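The lines below spell out each chain.
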Amino acid sequence: MRAGRVAGAVLSLLLGLSARAQAPDAGVPDAGVQQAAPRFAWPRLQVIAHVESSDIVEAGGIPVALRAVHVKENIRDLVQRFADAFRDGGLYVPPGKEQAQYANNAAMLTALDPKRRITYTVVMMPQPDGTTTLYLGEANHALARPQEAAGDFAPLPPQANGVLRVNAEGSRTLTFQVPLTGPQVDAFYDDALAKAGWKRGDEPGLYSRPGAELRLTHQPSKEGQRDVVLIHQQRAR
């Protein structure tokens with residue numbers, strides 16, 4: 001499984017400090033008057049296997065280096081180890097209440113290099129045998145470029161908000177929220193995708209046309225919103 005497959009679930013979290021990276025005075029210590037520290041290096045770990053090959057994706061116009069590894073260390077030790085590594089590396093680590101939360105017993109920690117405008121995020125997912133799968137992300141906000149809806153592979157409902165566009169090798173992802181019910185989301189895309197030449201597959205949320213496949217998933221969110229993820233993938237004809 002390549003990084004593009006986890007983009008919808010992980011990349012939106014990797015960009016949690018986007019506003020801070022673009023506006024360092026918003027609660028982040030001013031690094032302009034300090035001597036630049038060496039570029040942060042991830043701590044050495046006992047790697048069992050590389051779950052995914054290293055990949056560069058573009059999320060919200062921001063290039064993100066994302067890789068996943070399976071390590072021997074347990075999640076309890078890793079949380080403190082990464083917190084110490086971030087602080088020892090001279091990064092700004094937001095207080096716990098400002099850190100994003102992650103479900104399914106996983107943990108997440110994000111830190112910022114305000115001088116270089118790079119956010120570093122680790123998502124730690126415990127395994128039944130006490131080992132941990134890590135998603136390591138580096139989002140370079142200094143290289144961000146504007147995103148345009150004109151290149152979207154599918155239309156968005158009129159009330160869509162919080163749109164995130166992710167481009168990876170062989171796949172593109174759209175994630176957003178919308179104040180619709182599940183049946184309303186399905187109805188919107190059944191109609192819109194049929195008009196664009198997509199055929200509905202046997203599985204719920206699966207659509208196809210020559211050379212491509214599109215998968216739609218959604219779930220309830222807060223305050224009447226619904227989280228929607230659309231993944232477009234190329235496939236052999």
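Residue positions are counted from 1 within each chain, in the order its sequence is given. In view of the model being predicted, local features appear only for residues whose pLDDT reaches at least 70, and side-chain atom pairs are presented and counted only at 80 or more, with totals across whole chains, interfaces and linings using the full set of residues. Heavy atoms throughout the structure, all of them, feed into the side-chain values; hydrogens and water do not.

### With respect to the overall build of the protein
- Runs of H or I in DSSP of at least four residues are treated as helices and runs of E of at least two as strands, each being numbered from the N terminus. In terms of regular secondary structure, the protein is built from four helices and eleven strands.
- With a 1.4 Å probe rolled over the protein chains alone, any residue whose accessible area is under 20% of its type maximum counts as buried; one over 50% counts as exposed, and the rest are partly exposed. Counting across all 237 residues of the protein, residues that qualify as buried make up 45%.
- As displayed, the protein has an accessible area near 12700 Å², and 50% of this comes from carbon and sulfur atoms. For the accessible areas, the method is Shrake-Rupley and the probe is 1.4 Å, while residue cover comes only from the protein chains on display.

### A closer look at the packing of aromatic side chains
- We call Phe, Tyr and Trp rings a pair once their centres come within 6.5 Å, taking the six-membered ring for Trp, and we label the pair stacked below 30 degrees between planes, edge-to-face above 60, and tilted otherwise. Scanning the entire structure with this criterion turns up eight aromatic pairs.
- Here Phe-40 and Tyr-120 contribute two aromatic rings whose centre-to-centre distance is 5.0 Å and whose plane-to-plane angle is 65 degrees, an arrangement assigned as edge-to-face. A residue pair is termed long-range when its members are at least 10 positions apart, and Phe-40 in the loop between helix 2 (18–22) and strand 1 (47–59) and Tyr-120 in strand 4 (residues 118–126) qualify at 80 residues.
- Of the residues examined, Phe-40 reaches a relative accessible area of 8% and is grouped as buried.
- Classification of Tyr-120 as buried rests on a relative accessible area of 0%.

### What about the pattern of salt bridges?
- Each salt bridge in this description consists of a side-chain nitrogen of Lys or Arg and a carboxyl oxygen of Asp or Glu lying within 4 Å of one another. Here the structure, examined in full by the defined rule, presents seven salt bridges.
- In this structure, the salt-bridge partner of Asp-152 is Arg-165, at a minimum N-O distance of 2.7 Å. Taken together, the residues Asp-152 in the loop between strand 5 (132–140) and strand 6 (161–168) and Arg-165 in strand 6 connect sequence positions 13 residues apart.
- For Arg-165, a relative accessible area of 14% gives the class buried.
- Between Glu-203 and Arg-215 there is a salt bridge, with the nearest N and O atoms lying 3.3 Å from each other. With a gap of twelve residues between them, Glu-203 in the loop between strand 8 (199–200) and strand 9 (206–209) and Arg-215 in strand 10 (residues 212–220) connect regions that are remote in the sequence.

### Some points on the pairing of strand 10
- Note: strand 9 against strand 10, four bridges, orientation antiparallel. The partner of Tyr-207 across the bridge, within strand 10, is Leu-214.
- One requirement defines pairing of two strands: DSSP has to find at least two bridges between them. Here strand 9 hands over to strand 10 after two residues, with Gly-211 in that stretch at a positive phi of 85 degrees.
- Between strand 10 and strand 11 (residues 226–234), which pair antiparallel in sequence order, lie five residues; one of them, Glu-223, sits at a positive phi of approximately 55 degrees.

### Some remarks on helix 4 (residues 182–195)
- For helix 4, with 14 residues, the first-to-last C-alpha span of 20 Å sits near the 20 Å given by 1.5 Å per residue.
- Every buried residue of helix 4 is listed here: Gly-182, Val-185, Tyr-189, Ala-192 and Leu-193. Seen end-on, helix 4 carries its buried residues on one side only, within an arc spanning 110 degrees. Exposed side of helix 4, more than 90 degrees from the buried face: Pro-183 and Lys-195 are the residues found there.
- We call two residues contacting when some pair of their heavy atoms lies within 4.5 Å. Where helix 4 is buried, its residues touch strand 7 (171–178), strand 9, strand 10 and strand 11.
- Phi turns positive, to about 95 degrees, at Gly-197, one or two residues after helix 4. For a helix, the expected span equals 1.5 Å multiplied by the residue count minus one. It is the directions from the helix axis to the C-beta atoms that the arc portrays.

### So, the nonpolar core
- Residues belong to one nonpolar core when they are buried, are Ala, Val, Leu, Ile, Met, Phe, Trp, Tyr or Cys, and are joined through side-chain atoms within 4.5 Å. Trp-42, Phe-82, Phe-86, Leu-109, Val-122, Met-124 and Leu-134 are the most contacted members of the largest nonpolar core, which totals 22 residues.
- Listed by contribution, the elements that provide at least two residues to this core are strand 2 (62–71), helix 3 (75–88), strand 3 (107–113), strand 4 and strand 5.
- Take this core: its biggest share by element is six residues, from helix 3.
- Tyr-207, Leu-216, Val-228 and Leu-230 belong to the second-largest nonpolar core, a separate cluster that totals 16 residues.

### A word on the confidence of the model for the protein
- pLDDT gives the predictor's per-residue confidence on a scale running from 0 to 100. Of the residues in the protein, 76% reach a pLDDT of 70 or more, and the chain-wide mean stands at 80.
- The least confident element of the protein, judged by mean pLDDT, is helix 2 at 44; the most confident is helix 4 at 95.
- Every residue in residues 1–8 is under pLDDT 50, and counting partners more than four places away or in other chains gives 25 contacts.
- Low confidence marks residues 16–26, where pLDDT is under 50. Its contacts with residues over four positions away, or in another chain, come to 17 contacts.

### Focus on the side chain of Thr-132
- Residue position: Thr-132 is located in strand 5.
- A polar side-chain atom of Thr-132 sits 3.3 Å from the main-chain amide nitrogen of Ile-75.
- Among residues more than four places away in sequence, those in contact with Thr-132 are Val-69, His-70, Val-71, Glu-73, Asn-74, Ile-75, Leu-78, Met-124, Met-125, Pro-126 and Gln-127. N or O atoms within 3.5 Å of each other form a polar contact, as long as, within protein, one can give a hydrogen and the other can take it, and as long as residues adjacent in sequence are counted only when both atoms are side-chain atoms.

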